[in-house]
Amino acid sequence: MVSDTAVLVIDMLNAYRHDDAELLVPNVAEIIDPMVGLVSVARERDDVDLIYVNDNYGDFSADHNDIVRSALEGEHPDLVEPIAPDEGALFVEKVRHSAFYSTALAYLLGRLETKRLILTGQVTEQCILYTALDAYVRHFTVMVPPDAVAHIVPDLGRAALQMMERNMRAEVVPAEKCLG
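Description of the structure in this document. (Residues numbered from 1 in each chain as written. Predicted model: local features only at pLDDT ≥ 70, side-chain atom pairs only at ≥ 80, totals over all residues. Heavy atoms only, no water.)

### Some remarks on the pattern of salt bridges
Argument step 1. Considering all chains together, one arrives at eight salt bridges under this definition.
Argument step 2. Measuring nitrogen to oxygen at the nearest pair gives 3.2 Å for the salt bridge that ties D86 to R43. Residue D86 is located in the loop between α2 (64-72) and β3 (90-94), and its partner R43 is located in helix α1 (residues 21-44); the two are separated by 43 residues in the primary sequence.
Argument step 3. Judged by relative accessible area, D86 falls into the partly exposed class, the value being 44%.
Argument step 4. Here D47 ties to R45 by a salt bridge, and the two come within 2.9 Å at their closest N and O atoms.
Argument step 5. Its relative accessible area of 29% is what places D47 among the partly exposed residues.
Argument step 6. You can call R45 partly exposed: its relative accessible area is 29%.
Argument step 7. Each member of the salt-bridge network shares a partner with another, and the members are D11, D55 and K94. (Salt bridge = Lys/Arg side-chain N within 4 Å of Asp/Glu carboxyl O. Helix = DSSP H or I, 4+ residues; strand = E, 2+ residues; numbered from the N terminus. Buried < 20%, exposed > 50% of the residue type's maximum accessible area, 1.4 Å probe, protein only.)

Take a look at the structure:
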């Protein structure tokens, strides 16, 4: 079955061993339950593709299994285990902020005939914002559930959501309404 919707789980496979981890972790903890709900619904539905897009953190020898393993062995496996990809999950490695930059994501979405992207993960004011912009300029409809994206700086996270809604015409709606 061809789907026109994809849920992107962005940068949630994180070992939380970086400068902003202390600020990020409490916000990730707040979004984990709504994100788990959205990921679970996406896994159950044949008309929705679930795609993990994750930074390789500068390790160009790492494959997706290494990235998952590193995150599960990191400082907060409790924030990784609930959303860890199933065997055979669609997975795209990225190296910069946007999920599109220098990745095969646009090609994959074209093959899947995707029209609408639901962006989840971290960080709202960085990777989510830049991915939303790149999706918008590629003519995708964008949805961002504010309860399934985590920020580092609260004011910047709020501003990023406003920019996505106003400038990129993103639908900013709770996770439970994204696939409803």
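Structure shown, so let's carry the discussion forward.
### Remarks on the environment of I31
Argument step 1. Positionally, I31 belongs in helix α1.
Argument step 2. Those residues in contact with I31 that sit more than four places away from it in its chain are M12, G121, D147, A148, V149 and A150. (Contact = heavy atoms within 4.5 Å.)

### Concerning the nonpolar core
Argument step 1. Residues V7, M12, L13 and Y16 are the most contacted members of the largest nonpolar core, which totals 35 residues.
Argument step 2. Of all the secondary-structure elements, those providing two or more residues to this core are β1 (5-10), α1, β2 (48-55), α2 and α6 (175-178).
Argument step 3. Among the elements that take part in this core, α1 stands out by supplying ten residues, more than any other.
Argument step 4. When sequence neighbours within four positions are dropped, the list of residues in contact with L13 reads N54, Y57, I67, V68, A71, V80, I83, A84, P85 and F91. (Core = buried A, V, L, I, M, F, W, Y, C linked by side-chain atoms within 4.5 Å.)

### Quick notes on helix α4 (residues 124-137)
Every α-helix carries 3.6 residues per turn, so stepping three or four residues along brings you back to the same face.
Argument step 1. Taking 1.5 Å of rise per residue, 14 residues should cover 20 Å, and α4 covers 18 Å from first to last C-alpha, within 8% of that figure.
Argument step 2. Residues of α4 that are buried: T124, E125, C127, I128, L129, T131, A132, D134 and A135.
Argument step 3. Elements in contact with the buried residues of α4: β1, β3, β4 (116-122), β5 (141-143), β6 (149-150) and α5 (154-167). (Expected span 1.5 Å × (residues − 1).)

### Re the packing of α4 against α5
Argument step 1. Where α4 meets α5, the axes come as close as 9 Å, and the angle between the chain directions of the two elements is 10 degrees. Considering their axes alone, α4 and α5 lie roughly parallel with respect to each other. Counting all contacts with α4, which are made through T124, E125, I128, L129, A132 and Y136, the residues of α5 involved are L156, G157, A160, L161, M163, M164 and N167.
Argument step 2. A class-by-class count of the residues in the contact of α4 with α5 yields nine nonpolar, three polar and one charged. (Axes fitted to C-alpha atoms, helices over the stretch in contact; angles between N-to-C directions. Parallel < 35°, antiparallel > 145°, perpendicular 65-115°, else oblique. Nonpolar A, V, L, I, M, F, W, Y, C, P; charged D, E, K, R; others polar.)

### Re the pairing of β3
Argument step 1. The pairing of β2 with β3 spans five bridges and is parallel. Within the sheet, the bridge partner assigned to I51 lies in β3 and is L90.
Argument step 2. The β-α-β motif built from β2, the intervening α2 and the parallel element β3 has right-handed crossover chirality. (Pairing = 2+ DSSP bridges. Right-handed = clockwise from strand over helix to strand, strands pointing away.)

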